[in-house]
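Commentary on secondary and tertiary structure
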Amino acid sequence: MARVPVIGGNWKMHLGLGEALQLASDVRNRLGSVRGSEVVLFPPFPFLKPVVDRVEGSNLRVGAQDLHFETSGAFTGAVAGPMIKSVGCTHVLVGHSERRTVFGDTDAIVGRKLLAALDAGLVPVLCIGELLEERKSNETFRVCARQLQAAIGAIPTGRLDDLVIAYEPVWAIGTGLTATPEQAQEVHAYIRQKLADLHGKAFAEATRIQYGGSVKGSNAAGLLGQPDIDGALVGGASLKAEEFAQIVKA
Ligand code: PEP
């Protein structure tokens, strides 16, 4: 079954409002009528609604970079799934490595956030991947399996139709180091097998698995040409509309 590639642009904690709107316009001009792949922008929270408005009527989608696992309450500084949905977002990143390593999101918290995203009607982009030490000690598969099991092992298959997985080796995020297409494909194939073990072959075949980690215009085609790589989650290069467009075109 053909899987529609999905390309995300994670703007992280960059840009001011004016720059964010300019970038949204520039991406819209290049990719607003894109077909054959899904393109999702992930701006910082304060820019979500303005960016949603800026890309309205185009084929671009907008998502948040994180959410809280509760729907409301005394959680100062946090943002709930229904709030994100209410401003017109369709997607949300869950378990990005910066949330795990900088903000202390454990596997259990990531699992609760994933459920909260589904409850809010958002498409969760579940980020998984190993640290450099873990790769060096041949633990890549074990780490990915653990993170998958913790996040989606207990969720009924029927609730996971729209799930997107992003395999992001942590050593490749923002470092300029990229997994080779062969290294990435090996892990993607493993993840797909693990998805089949957890939720069946049909689910595994239908689920998109993005690669993330220093994807650029110059390396995108090699990575996206691999059979189990169904798109990219792009950080730094998504801040440059022309380069981001090159990745989508790849
Ligand atoms: C990311 O933020 O998910 C990411 C992959 O960043 P970069 O492309 O900058 O490595």
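Going by the structure above, here's the rest.
Now for a description of the structure that goes with this document.

The rules we used
Residues numbered from 1 in each chain as written. Predicted model: local features only at pLDDT ≥ 70, side-chain atom pairs only at ≥ 80, totals over all residues. Heavy atoms only, no water. 1 Å grid on protein atoms, 1.4 Å probe; cavity = no way out; pocket = protein on both sides within 12 Å on 5 of 7 lines; lining within 4 Å. Points joined across faces, edges and corners; volume = space filled by probe spheres on them. Nonpolar A, V, L, I, M, F, W, Y, C, P; charged D, E, K, R; others polar. Helix = DSSP H or I, 4+ residues; strand = E, 2+ residues; numbered from the N terminus. Near = heavy atom within 4 Å. Polar contact = N/O pair within 3.5 Å; in protein donor to acceptor, adjacent residues only side chain to side chain. Areas by Shrake-Rupley, 256 points an atom, 1.4 Å probe, with all protein chains shown as cover. Sits in = over half its atoms within 2 Å of the grid points. Contact = heavy atoms within 4.5 Å. Expected span 1.5 Å × (residues − 1). Buried < 20%, exposed > 50% of the residue type's maximum accessible area, 1.4 Å probe, protein only. Arc of directions from axis to C-beta. Pairing = 2+ DSSP bridges. Axes fitted to C-alpha atoms, helices over the stretch in contact; angles between N-to-C directions. Core = buried A, V, L, I, M, F, W, Y, C linked by side-chain atoms within 4.5 Å. Salt bridge = Lys/Arg side-chain N within 4 Å of Asp/Glu carboxyl O.

Okay, the layout of surface pockets next. What the largest pocket holds in volume is close to 330 Å³. Taken together, 13 residues line the largest pocket, and the ones lying closest to its centre are Lys12, Met13, Gln65, Arg99 and Phe103. Along the lines of polarity and charge, the residues of the lining of the largest pocket split into six nonpolar, three polar and four charged. Of the pockets and cavities examined, the second largest pocket occupies roughly 230 Å³.

The phi dihedral of Lys12 falls on the positive side, at around 50°, and the residue is not glycine. Among the secondary structure elements, Lys12 is positioned in the loop between strand 1 (6–10) and helix 1 (17–31). Despite not being glycine, Leu15 has its phi angle at roughly 80°, a positive value. With respect to the helices and strands, the residue Leu15 is situated in the loop between strand 1 and helix 1.

Take the site of the ligand next. Neighbouring residues of the ligand: 14 residues in total, closest Lys12, Glu168, Gly174, Ser214 and Gly235. Contact between the ligand and Lys12: an oxygen atom at 2.8 Å from a side-chain N or O atom of the residue. The contact in question runs from an oxygen atom of the ligand to an N or O atom on the side chain of His96, over 2.9 Å. When the free accessible area of the ligand is taken as 290 Å², the share hidden by the protein chains comes to 96%. Applying the majority rule of atoms within 2 Å of the grid points places the ligand in the second largest pocket. Each residue belonging to the shell around the ligand can be placed in one class, and the counts come to four nonpolar, eight polar and two charged.

Attention shifts here to the environment of Ser33. Along the polypeptide, Ser33 turns up in the loop between helix 1 and strand 2 (38–42). Note: C-alpha distance between Ser33 and Ile7 (26 residues apart in sequence) is 14 Å.

Moving on, we get to the side chain of His188. If you trace the backbone, His188 turns up in helix 8 (residues 181–199). Setting aside residues no more than four positions away along its own chain, His188 makes contact with Tyr167, Ile209, Gln210, Tyr211, Asp228 and Ile229.

This next bit is on the side chain of Glu134. Here Glu134 shows up in helix 6 (residues 132–136). Not counting residues up to four positions away in its chain, the partners in contact with Glu134 are Glu139, Thr140 and Val143.

Note on helix geometry: an α-helix contains 3.6 residues per turn, so any two residues three or four positions apart are oriented the same way. Its 19 residues place the ends of helix 8 26 Å apart at the C-alpha level, agreeing with the 27 Å of an ideal helix rising 1.5 Å per residue. All buried positions along helix 8 are accounted for by Ala184, Gln185, Val187, His188, Ile191, Arg192, Leu195 and His199. The arc that holds every buried residue of helix 8, seen down its axis, measures 170°, which confines them to one face. Those residues of helix 8 that are exposed and aimed more than 90 degrees away from the buried face are Glu182 and Asp197.

Taking strand neighbours around the barrel as the criterion, the eight strands line up as 1-2-3-4-5-6-7-8 in a closed arrangement whose pairing is parallel. Neighbouring strand axes in the sheet, compared pairwise and without regard to direction, differ in orientation by 25° on average. Strand direction decides the pairing type here: strand 3 (residues 60–64) and strand 4 (residues 91–94), joined by two bridges, are parallel. Within strand 4, the residue paired with Gly63 across the bridge is His91. Sheet strands touched by helix 8: strand 5 (123–128), strand 6 (164–167) and strand 7 (208–212). Its angle to strand 7, the strand with the most contacts, is close to 150°.

Our focus in this paragraph is the nonpolar core. In terms of nonpolar packing, the biggest core is built from 65 residues, with Leu126 and Ile191 touching the most fellow members. Contacts of Ile191, omitting those with residues within four sequence positions, involve Ile128, Cys144, Leu148, Ile165, Tyr167 and Ile209. Phe42, Leu93, Val125 and Leu233 belong to the second-largest nonpolar core, a separate cluster that totals ten residues.

Right, let's talk about helix 11 (residues 241–249) for a bit. Residues of helix 11 that are buried: Ala241, Glu243, Phe244, Ala245, Ile247 and Val248. As for helix 11, its buried residues are in contact with strand 1, helix 1, strand 2, helix 10 (220–224) and strand 8 (231–234).

Glancing now at the pattern of salt bridges. In this structure the tally under the stated criterion is 19 salt bridges. Residue Lys113 is joined to Asp66 by a salt bridge in which the shortest nitrogen-to-oxygen separation is 2.9 Å. Placement of Lys113 in helix 5 (residues 107–119) and of Asp66 in the loop between strand 3 and helix 3 (81–86) is noted, with a sequence separation of 47 residues between them. Using a relative accessible area of 5% as the deciding quantity, one classes Lys113 as buried. We note a salt bridge from Arg146 to Asp107, for which the minimum N-O separation is 2.7 Å. Pair noted here: Arg146 is in helix 7 (residues 140–152) and Asp107 is in helix 5, with a separation of 39 residues, a long-range link. One network of salt bridges, with partners in common, ties together Arg3, Arg192, Lys201, Glu205, Asp228 and Asp230.

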